[in-house]
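An overview of the molecular structure
Listed here are the chains, written in short residue letters.
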Amino acid sequence: MIKKNLQPLALHVPEPKQRPGDAPDFSDVVVPPAGKLARPDSATPAADLKEYPYALIRVLDDNAHAVGPWDPRLAPDTMRKLLKDMMLTRAFDDRMFRAQRQGKTSFYMKSLGEEATSCAPALALADDDMVFPSYRQQGILISRGWPIPDMMNQIFSNKADRLKGRQLPIMYSARAASFFSISGNLATQMPQAVGWAMASAAKGDTRIAAAWCGEGSTAEGDFHSACMFATVYRAPVILNIINNQWAISSFAGFAGGEETTFAARALGYGVAGLRVDGNDPLAVYAATAWAAERARTNHGPTIIEHFTYRSEGHSTSDDPGAYRAAQAGSAWPLGDPVERLKVHLIGLGEWNEARHSALADELMETVKAAQKQAEANGILGHGLHQPLETMFEDIFEDEPWHLREQAAQLLEEDAVRRVEGQH
Amino acid sequence: MPRMNMIEAINSALNVALAQSPDVTILGEDVGYFGGVFRATAGLQKRHGKTRVFDTPITECGIIGVAVGMAAYGLRPVPEIQFADYIYPALDQLVSEAARLRYRSAGEFPMPITVRSPFGGGIFGGQTHSQSPEGVFTHVAGLKTVIPSNPYDAKGLLLAAIADNDPVIFFEPKRIYNGPFDGHYDTPTVPWAKVDDATAEVPEGHYTVPLGKARVVREGGDVTLLAYGTMVHVAGTAVAESGVDGEIIDLRTLIPLDIETIKASVKKTGRCVIVHEATRTGGFGAELSALVQERCFYHLEAPVQRVTGFDTPYPHSLEWAYFPGPVRIKRALDAVMKD
């Protein structure tokens, strides 16, 4: 019964500050100056790192100068490699998005504006460190030099797709690149990465693991389980949270982002938590390198929140214009990762506009040539798929009788279809 | 030949597996120092070390998620879920991950994981320590489901499951851990050591019972009884008390299923009664019934009968009213023999 002498309760349902029709406004985003935050020793106990989940590691300042103790002091060649990886990722995204719009595949997801959160960690980790990505980390495969046509074969689900057309486009798997099979179910990869890292530690190996999920996915129980196991066993793992502000149409407030930062979840677990400017490739590199050193020296896991912005829709199936302010990506106060690193390199005298646009052209040609190569193997729905019986392979190591029967049934149906010209 | 109960047989299997392969790793709630709430892992941490047999936080999702990651590394994890009733938080990791990883990675990431879990009722465990959720897992493409009914099979099937390169759900009928159960709740349990049954004789060393091979427990000409786990013994009681010449088949493995043994028996007897403790609707008995009907229709003399638990949560005080005991099975036998 409602008691009339007491104040009625009210349910808080989060609401983003702008909706379609509003001008984008990020005035509430606190952007601390670059270079001011101290860089603690990577062995520092988590209890002494309490300010970091609420701070923001930034290396590149407003003039794209690298400043402060987190500057990883990368060699120009390394920075050019990072720039190229991000640009190739962007060109790849651009072409594959178009390919979906042209009906060549069913689905695509771009990483525009977030390229640094994949390409920079990939560079800071060893090539044989195991990564457990989510669905927007194509930059890792690209950074590790995985063949572009192979990625496209997967996207087209064609006859050359190593995954035999079984997975939704972009759900790659590349064991040879220490890249785990991507799941569409969210955050499942987080405890898996912890388990891999625990196994590596139990075996006295030297390789560490890293996982990625979105800020929205941190709401899943798997994320909590991952943090729990990671802290209990001091697993050599890096748990990356890509806070790109949006989970499809739900702003970060629906994942608890109104009350605290995502990096601050580390505090409750006694895990080191860093919050980094996700559009600053050097800061992302530095944070990953710090966490990797911590993991490699048996000082345990790190949770890194990458503060960034999803400049495009969630996927080709999404229309962000239906739920958020237009042009928000270009208004994002932390800028664009490609542009920031480019200006930095130019400032160092290690790059120039002419080289940049020549590289952009060259990468687009690379991607186009790769696409031509992949399309020769078929595009989705145009017949050049894997043989029908492969549908029944790899369910078990050996095919049991019930699957053999079903495979035979399918081949009989197919024979009927061919005779009758039907589906 | 030493005689062992099912717990000792499972413990022996785990000990052999740990000694044979440095990749076998046991994890679960209370399985380490203490040795498990049913003592299935007793002594294993001391013998094989803390990094190979260890306690975990209470998160089944985490236990299986971590096991998936360990398998991706190359280990052969044997996680324990303390009671099958607690397996549901791990469902996504089992159904969407472990079961599908070989498939979705086209063989890059096989998942040699054996999930052990005590299941079934008859111990006054109430609704949270009694369930038989095998039907949840037999419905999933990519999982094997194994349920032993005696100490010899428990060890042999568990060693086969651990050696298998695919994920196996290994349900242990806890009602018969210490001795077989005739289905009458007031009969005192006779320990496996004192039962006149060769299946309580368990070799110390390594051997396997292959997955996918049923066992004809009792030959008979009148009717085929399909059962697994505890219900193999309860079916035996019903056959003995009814005087019907029943042929009892212990399926041992639900997926992959030994369809040939089932077919041969039903074609011989012309009648079939399926017995399981799990709830009825959509249970594995429905699948068995359909398979028998599809493959043995013209040999059947009577409709296939299912004897199961009721479609209710597992009750506490009314446990024995729920349990598909000898009375329920005998009524089904009578029904098929009348036709």
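Quick caveat: nothing in here was measured; it's all calculated off a predicted structure. (Residues numbered from 1 in each chain as written. Chains lettered and ligands numbered in written order. Predicted model: local features only at pLDDT ≥ 70, side-chain atom pairs only at ≥ 80, totals over all residues. Heavy atoms only, no water.)

Looking at the overall build of chain B
Each helix and strand in chain B was counted, giving 12 helices and 12 strands. By the compact-globule yardstick of 20 Å for 339 residues, chain B fits well, its C-alpha radius of gyration being 19 Å. In terms of principal-axis extent, the alpha carbons of chain B reach across some 60 × 45 × 40 Å. Within chain B, the proportion of its 339 residues that are buried is 64%. (Helix = DSSP H or I, 4+ residues; strand = E, 2+ residues; numbered from the N terminus. Rg over C-alpha atoms; globule rule 2.2 N^0.38 Å. Buried < 20%, exposed > 50% of the residue type's maximum accessible area, 1.4 Å probe, protein only.)

Digging into the packing of helix α6 (residues 221-232) of chain A against helix α3 (residues 60-73) of chain B
Interaxial distance between α6(A) and α3(B) falls to 9 Å at its minimum, and their mutual angle equals 75°. For the element pair α6(A) / α3(B), the angle class is roughly perpendicular. Within the contact between the two elements, α6(A) uses A:Gly221, A:Asp222, A:Ser225 and A:Phe229 and α3(B) uses B:Cys61, B:Gly62, B:Ile63 and B:Val66. A per-class count over the contact of α6(A) with α3(B) returns four nonpolar, three polar and one charged. (Axes fitted to C-alpha atoms, helices over the stretch in contact; angles between N-to-C directions. Parallel < 35°, antiparallel > 145°, perpendicular 65-115°, else oblique. Contact = heavy atoms within 4.5 Å. Nonpolar A, V, L, I, M, F, W, Y, C, P; charged D, E, K, R; others polar.)

A short note on the pattern of salt bridges
All names here are of chain A. Under the definition given, this model contains 41 salt bridges over all chains. The partner of Lys81 in a salt bridge is Asp85, with the nearest N and O atoms 3.1 Å apart. Here the residue Lys81 and the residue Asp85 both occupy positions in helix α1 (residues 76-101), the gap between them amounting to four residues, near one helical turn. We classify Asp85 as buried; its relative accessible area is 5%. Among the salt bridges present, the one from Asp336 reaches Arg90, with a minimum N-O distance of 2.8 Å. Of this pair, Asp336 sits in the loop between α9 (328-331) and α10 (337-347) while Arg90 sits in helix α1, and the two are 246 residues apart along the sequence. For Asp336, a relative accessible area of 26% corresponds to the partly exposed category. Of the residues examined, Arg90 reaches a relative accessible area of 22% and is grouped as partly exposed. What you see here is one network of salt bridges that share partners, running through Arg58, Asp277, Asp280 and Arg340. (Salt bridge = Lys/Arg side-chain N within 4 Å of Asp/Glu carboxyl O.)

Observations regarding the interface of chain A and chain B
The interface is formed by 46 residues belonging to chain A together with 45 residues belonging to chain B. A buried area of about 3700 Å², summed over both sides, lies between chain A and chain B, and 60% of it is on carbon and sulfur atoms. Joining chain A to chain B, the criterion identifies three salt bridges. Viewed at the interface, chain B and chain A are joined by 27 residue pairs in polar contact (both at pLDDT 80 or more). When residues of the side of chain A that touches chain B are traced back to their parent elements, those giving at least two are α5 (189-202), α6 and α12 (401-420) of chain A. No other element matches α5(A), which puts nine residues into the side of chain A that touches chain B. Of the residues belonging to the side of chain A that touches chain B, the class tally is 21 nonpolar, 13 polar and 12 charged. (Buried area = accessible area lost by both parts, 1.4 Å probe. Polar contact = N/O pair within 3.5 Å; in protein donor to acceptor, adjacent residues only side chain to side chain.)

Points about the domain arrangement of chain A
According to the domain assignment, chain A contains domain 1 (46-317 + 326-375) and domain 2 (388-422). Inter-centroid distance (C-alpha atoms) of domain 1 of chain A to domain 2 of chain A is 39 Å. (Domains from an automatic or database assignment.)

Brief notes about the environment of A:Gly145
With respect to the element layout, A:Gly145 can be found in the loop between α3 (138-143) and α4 (148-156). Expressed as a C-alpha distance, the spacing of A:Gly145 and A:Gly257, which sit 112 residues apart in the sequence, is 35 Å.

Description of the sheet that holds strand β9 (residues 246-250) of chain B
Where strands meet in a sheet, backbone hydrogen bonds hold them as pairs that are either parallel or antiparallel. All names here are of chain B. The five strands are arranged β7-β9-β8-β11-β12 in an open sheet whose pairing can be described as mixed. Of all the strands in the sheet, just β7 (215-218) and β12 (305-307) have a single pairing partner and so form its edges. The sheet shows a mean angle of 25° between the axes of neighbouring strands, direction not considered. Where β7 and β9 come together, three bridges link them in antiparallel fashion. Bridge pairing in β9 places Arg215 opposite Asp250. Across the face of the sheet, helix α8 (residues 230-242) comes into contact with β7, β8 (223-227), β9 and β11 (272-275) while running at roughly 175° to β9. (Pairing = 2+ DSSP bridges.)

What about a nonpolar patch on the surface?
All names here are of chain A. A cluster of nonpolar side chains, Leu11, Val13 and Phe254, forms an exposed patch at the surface whose accessible area comes to about 360 Å². Examined against the element boundaries, Val13 turns out to sit in the segment before α1. A relative accessible area of 52% means that Val13 is categorised as exposed. (Patch = residues over 30% accessible without salt bridge, like charges linked within 9 Å, V, L, I, M, F, W, Y side chains within 5 Å. Areas by Shrake-Rupley, 256 points an atom, 1.4 Å probe, with all protein chains shown as cover.)

Here we look at the state of the cysteines
This structure, assessed with the given rule, holds zero disulfides over all chains. Free of any disulfide, B:Cys296 has its nearest cysteine sulfur in B:Cys272, 7.8 Å distant. (Disulfide = S-S within 2.5 Å.)

Thoughts on the packing of aromatic side chains
Residues and elements named next belong to chain B. Here the structure, examined in full by the defined rule, presents 26 aromatic pairs over all chains. An aromatic cluster is built from Phe124, Phe181, Tyr185, Trp320 and Phe323, whose rings are joined through pairwise contacts. Between the NZ or CZ atom of Arg39 and the centre of the ring of Phe34, over which it lies, the distance is 4.6 Å. Its end group placed over the ring of Phe181, Arg175 keeps NZ or CZ at 3.7 Å from the ring centre. (Phe/Tyr/Trp six-rings, centres within 6.5 Å; stacked < 30°, edge-to-face > 60°. Lys NZ or Arg CZ within 6 Å of the ring centre and 35° of its normal.)

Regarding α6(A)
Residues and elements named next belong to chain A. Taking 1.5 Å of rise per residue, 12 residues should cover 16 Å, and α6 covers 17 Å from first to last C-alpha, within 8% of that figure. Burial in α6 covers these residues: Asp222, Phe223, Ser225, Ala226, Cys227, Phe229 and Ala230. With its phi angle positive at about 45°, Arg234 sits one or two positions after the end of α6. (Expected span 1.5 Å × (residues − 1).)

A look at helix α12 (residues 326-338) of chain B
Residue and element names in this part refer to chain B. With 13 residues, α12 extends 18 Å from end C-alpha to end C-alpha; this agrees with the ideal 18 Å at 1.5 Å per step. Listing the buried residues of α12 in full gives Pro326, Arg328, Ile329, Ala332, Leu333 and Val336. One side of α12 holds all its buried residues, which, seen down the axis, span an arc of 165°. In α12, the exposed residues that point more than 90 degrees away from the buried face are Val327, Arg331 and Lys338. The elements touched by buried residues of α12 are β8, α8, β11, β12 and α11 (319-322). (Arc of directions from axis to C-beta.)

Brief notes about the pairing of strand β7 (residues 302-307) of chain A
Residues and elements named next belong to chain A. With six of its six residues buried, β7 lies for the most part within the structure. Because side chains alternate across β7, one face comprises the buried residues Thr302, Ile304 and His306, and the other comprises Ile303, Glu305 and Phe307, equally buried. For strand β3 (residues 237-243) and β7, the ladder comprises six bridges, and the chain directions are parallel. Paired with Asn240 across the bridge in β7 is Ile304. With six bridges joining them, strand β6 (residues 272-277) and β7 adopt parallel strand pairing. The residue of β7 that forms the bridge with Leu274 is Ile304. Between the parallel elements β6 and β7, the chain passes through helix α8 (residues 281-296) in a crossover that is right-handed. (Right-handed = clockwise from strand over helix to strand, strands pointing away.)

A word on the environment of A:Trp290
Inspection of the secondary structure puts A:Trp290 in helix α8. A:Trp290 has contacts with A:Arg39, A:Pro40, A:Asp41, A:Ser42, A:Leu49, A:Trp70, A:Ala272, A:Leu274 and A:Thr302, leaving out every residue within four places of it along the chain.

Here's the deal with the nonpolar core
One finds A:Val194, A:Val237, A:Leu239, B:Leu226, B:Leu251 and B:Val292 to be the most contacted residues of the largest nonpolar core, which totals 89 residues. The element that contributes the greatest number of residues to this core is α3(B), accounting for nine residues. Listed in part, the 76 residues of the second largest apolar core include A:Leu49, A:Met109, A:Cys119 and A:Leu341. (Core = buried A, V, L, I, M, F, W, Y, C linked by side-chain atoms within 4.5 Å.)

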